[in-house]
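# Chain and residue survey
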Amino acid sequence: MYNEIDLDRIDLNQGPPQEEPKRQYYYMAKCREWARDFERGNGRRPTFFIQTFGCQMNARDSEKIQGIMKTIGYEEGDSAKADFLLYNTCTVRENANLKVYGRLGQLKKQKKENPDMIIALCGCMMQEPDVVEKIKKSYRNVDIIFGTHNIFKLAELLALKLFSGAGSGKMIVDIWKGTDQIVEELPNERKYFFKSGVNIMFGCNNFCSYCIVPYVRGRERSREPEDIIAEIEGMVADGVVEVMLLGQNVNSYGKNLKHPVSFAQLLRQVEQIEGLERIRFMTSHPKDLSDDLIDVMRGSKKICKQMHLPLQSGSSRLLEVMNRHYTKEDYLLLVEKIRRAVPDISLTTDIIVGFPGETEEDFKETMDVVKKVKFDSAFTFIYSRRTGTPAAAMENQVPEDVVKERFDRLLALVQEVSAERTGRAVGTVQDVLVEERNGQDTSLVTGRTSQNYVVHFAGRPSQIGSIVPVRLDESRGFYYMGTQLAD
Ligand code: SAH
Ligand code: SF4
Ligand code: F3S
């Protein structure tokens, strides 16, 4: 757990210590001196703005970055006037990259107006050497680039920039190819005071043949269970009631620890934490989902009735080429087992359309699984060719118009089956964690059930962060309207 370290007591006349995280505390203190000077000179604190692309991993990384920036003395501000602007990037599909280049182009004008602003880039896209080369050549206004492995070094890189001399236009680039290092005890912020993501592992070893994540996030590394428990206990003491345990494949958690611990065992420990009310996790790879995990879920009061179980394709033939290590039948059997153990569980999934060599028959198998499972919702993606992955080199890429036509059919089916499932909780009473005031009607608050269904009901903002019983009266597509029964 990170404790408010006393940055003011750090002797800046000495050189920085070598070991982490002390080295970063030193640089945070150094940057804080700069931030105080800035405040004296400008009558305000320096401001930062972070834009996060991609998945929950990036969202959590951004909270860590935010924690460091606030510790240094920056405050959150408007993107148009930020003194420090950072894009935490994603590269899972080509679209994600295009968005970032678009934004960087727009920033050229802003940087001209405010030459002192610092533009920083980090995240998965920066782990691709081609991307960094392109930025070095075409986007000279970028000041700092770092990757997914060295986020903890932000203060050090910022210090390098801030103290490199006025007007120095040197771009600071620090990308690591990989790492075994997990630096604990750094500051971090939470977007919500009552819920938080918690990394239980980093990286991925699965090398699904279409996916770039293992290349940009490195090999799988699990955190020690004690560190995870201590972090959650600290959060609970600070008001958190719900955690989302995060990993690319949580079901393989703990395999590489000195004393291996399974994900099911970790869940049993997390469950014991007093004051913690809800546990979610993502993502579950079907190939590693154990009976033990299903058992823990069956017996648990805290683990939410929700699971994200990416299918990717319903064709056993394609699943093999995708390197997923399960068949259509394995997947269907798994769903059956999970539903038997937790009957009202909400199941969501990811599906890719147009993987190289996908035939109409393969696609029909995918449609068949969607019909059989009736997912609560499904994220559907058009296959995107990612440089360096085995699938990118496959010659039988599916023509764009065929992919588009299949994608539309799949989307229509997904909407049809999820519409069938919406409304099934009408009339039931559910525990709802109140998350925010309703944006449109301020007499309403909005929260989520264990299944992650969104519910609006008449309530007070003071209820935010607490769990209350709500009767679900009516289903309106993606959400329910309800009535609170008692406090
Ligand atoms: N680790 C998670 C998902 C990470 S990426 C898992 O294994 O499920 C999130 C989703 O993006 C994937 O589930 C997949 O459906 C999609 N995806 C990954 N690579 C893709 C690609 N090259 N083209 C299209 N979709 C892709
Ligand atoms: Fe990508 Fe597969 Fe790893 Fe998920 S499990 S991140 S899809 S390689
Ligand atoms: Fe994107 Fe990286 Fe997540 S590529 S999906 S942000 S792990």
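Residues numbered from 1 in each chain as written. Chains lettered and ligands numbered in written order. Predicted model: local features only at pLDDT ≥ 70, side-chain atom pairs only at ≥ 80, totals over all residues. Heavy atoms only, no water.

## Observations regarding the overall build of the protein chain
The cut-off we apply is this: Helix and strand assignments follow DSSP, with helices taken as H or I runs no shorter than four residues and strands as E runs no shorter than two, numbered in order from the N terminus. The atom set for the radius of gyration is the C-alpha atoms, and the globule formula is 2.2 Å times the number of residues raised to the power 0.38. Buried, partly exposed and exposed residues are distinguished by accessible area as a fraction of the type maximum, computed with a 1.4 Å probe on protein chains only: under 20%, between the cut-offs, and over 50%, respectively. Only the protein chains shown count as cover for residues, with accessible areas throughout obtained via the Shrake-Rupley method and a probe of 1.4 Å.
Across its full length, the protein chain carries 13 helices and 19 strands. Its C-alpha atoms give the protein chain a radius of gyration of 24 Å, near enough to 23 Å, the size a compact globule of 487 residues would have. For the protein chain, the C-alpha atoms occupy an extent of roughly 65 × 60 × 50 Å along the three principal directions. Within the protein chain, the fraction of its 487 residues that count as buried is 54%. Carbon and sulfur atoms make up 49% of the accessible area of the protein chain, which amounts to about 22,300 Å² in all.

## Looking at helix α3 (residues 94–113)
How we decide: Here the expected length of a helix is defined as 1.5 Å per residue gap, with one fewer gap than residues. We define the bend at any residue as the angle between the axes fitted to the seven residues before and including it, ending there, and the seven starting there. In this description, contact between two residues means that some pair of their heavy atoms is separated by no more than 4.5 Å.
Across its 20 residues, α3 extends 31 Å between first and last C-alpha, which sits within 8% of the 28 Å expected from 1.5 Å per residue. Largest kink in α3: about 30°, centred on Leu107. Of all the positions in α3, only Ala96, Asn97, Val100, Tyr101, Leu104, Leu107, Gln110 and Lys111 are classed as buried. Of the surrounding elements, those touching the buried residues of α3 are β3 (84–89), β4 (118–123) and α4 (129–138).

## Things to note about the layout of surface pockets
Selection rule: Computed over the protein atoms alone on a 1 Å grid, cavities are sets of points where a 1.4 Å probe fits but cannot get out and pockets are open sets with protein on both sides within 12 Å along at least five of seven lines; a residue lines them when it has an atom within 4 Å of a point. Grid points are joined across faces, edges and corners, and a volume is the space filled by probe spheres set on the points.
In this structure, the second largest pocket encloses a volume near 990 Å³. Lining the second largest pocket are 43 residues; nearest its centre among them are Lys64, Leu186, Pro187, Asn188 and Glu231. Elements represented by at least two residues in the lining of the second largest pocket include exactly α2 (56–72), β7 (195–199) and α7 (225–237). With seven residues, α2 is the single largest residue contributor to the lining of the second largest pocket.

## Here we look at the packing of aromatic side chains
The condition that has to hold: To pair, rings of Phe, Tyr and Trp, with the six-membered ring standing in for Trp, must have centres within 6.5 Å; the planes then decide the type, stacked if under 30 degrees apart, edge-to-face if over 60, and tilted in the middle.
All chains considered together, the criterion is met by 16 aromatic pairs. Here Phe53 and Tyr87 contribute two aromatic rings whose centre-to-centre distance is 6.0 Å and whose plane-to-plane angle is 75°, an arrangement assigned as edge-to-face. Of this pair, Phe53 sits in the loop between β1 (47–52) and α2 while Tyr87 is found in strand β3, placing the two residues 34 residues apart along the sequence. Its relative accessible area of 7% is what places Phe53 among the buried residues. Ring pairs connect the aromatic residues Trp34, Phe38, Tyr74 and Phe84, which therefore count as one cluster.

## Quick word on the sheet that holds strand β15 (residues 429–437)
Here is the rule we go by: Here the rule is simple: two strands pair whenever DSSP picks up at least two bridges between them. Interaxial angle, 0 to 180 degrees, is taken between N-to-C directions of lines fitted to C-alpha atoms, where a helix line uses only the stretch in contact.
Read around the barrel, five strands follow the order β15-β16-β17-β19-β18 and close on themselves; strand pairing throughout is mixed. Between one strand and the next, the sheet's axes are offset by a mean angle of 55°, whatever the strand orientation. Looking at chain direction, strand β18 (residues 467–476) and strand β19 (residues 479–484) are connected through six bridges and run antiparallel. Its bridge partner being in β19, Arg471 is matched across the sheet by Thr483.

## Re the site of ligand 1
Put simply, the rule is: Nearness is judged by heavy atoms alone; a residue qualifies as near a molecule or strand once a single heavy atom is within 4 Å of it. By the criterion applied in these results, polar contacts are pairs of N or O atoms within 3.5 Å in which, for protein atoms, one can donate a hydrogen and the other can accept it, and in which residues neighboring in sequence qualify only through two side-chain atoms. Residues were grouped as follows: Ala, Val, Leu, Ile, Met, Phe, Trp, Tyr, Cys and Pro as nonpolar; Asp, Glu, Lys and Arg as charged; and all remaining residues, including Gly, as polar.
Around ligand 1, the surrounding shell holds 15 residues, and the nearest of these are Gln248, Pro310, Gln312, Asp350 and Ser384. A distance of 3.0 Å separates an oxygen atom of ligand 1 from a polar side-chain atom of Arg93. Tyr210 is positioned with one of its backbone polar atoms (N or O) 3.0 Å from a nitrogen atom of ligand 1. In isolation ligand 1 has 540 Å² of accessible area, and contact with the protein removes 90% of it. Secondary-structure elements contributing two or more residues to the shell around ligand 1 are β13 (346–353) and β14 (377–382). When the residues that make up the shell around ligand 1 are grouped by side-chain class, the tally is seven nonpolar, four polar and four charged.

## Some remarks on the pattern of salt bridges
Selection rule: Within this document, salt bridges are pairs made up of a side-chain nitrogen of Lys or Arg and a carboxyl oxygen of Asp or Glu, the two lying within 4 Å of each other.
Under the counting rule described, the total for this entry stands at 47 salt bridges. With a shortest N-O distance of 2.9 Å, Arg60 and Glu231 are connected by a salt bridge. With a gap of 171 residues between them, Arg60 in helix α2 and Glu231 in helix α7 connect regions that are remote in the sequence. Here Arg60 and Glu231 have matching classes, each one buried. One salt bridge connects Asp295 with Arg298, and the closest N-O pair in it is separated by 2.5 Å. Here Asp295 and its partner Arg298 are both found in helix α9 (residues 291–299), three residues apart, which amounts to about one turn of the helix. Take Asp295: its relative accessible area is 42%, and that puts it in the partly exposed class. Each of Glu358, Glu360, Lys364, Glu405, Arg406 and Arg409 takes part in one network of salt bridges that share partners.

## Let's talk about the environment of Pro225
Relative to the assigned elements, Pro225 resides in helix α7. Of the residues examined, Pro225 reaches a relative accessible area of 4% and is grouped as buried. As a C-alpha pair, Pro225 and Leu266 span 41 residues in sequence and 6.7 Å in three-dimensional space. Not counting the four nearest positions on each side in its chain, Pro225 is found in contact with Tyr253, Leu257, Val261, Leu266 and Gln269.

## Some remarks on unusual backbone geometry
Across the junction of Glu20 and Pro21, the peptide omega takes the value 5°, indicating a cis bond. Within the secondary structure, Pro21 sits in the segment before α1 (22–42). The omega torsion of the bond from Met282 to Thr283 falls at 5°, within 30 degrees of zero and hence cis. The residue Thr283 is located in the loop between β11 (278–282) and α9 in this model. Notably, Gln312 is not glycine yet its phi reads approximately 70°, a positive angle. Positionally, Gln312 belongs in the loop between β12 (306–308) and α10 (316–321). Take Gln312: its relative accessible area is 8%, and that puts it in the buried class. Its identity is not glycine, yet Asn452 carries a phi of approximately 75°, on the positive side.

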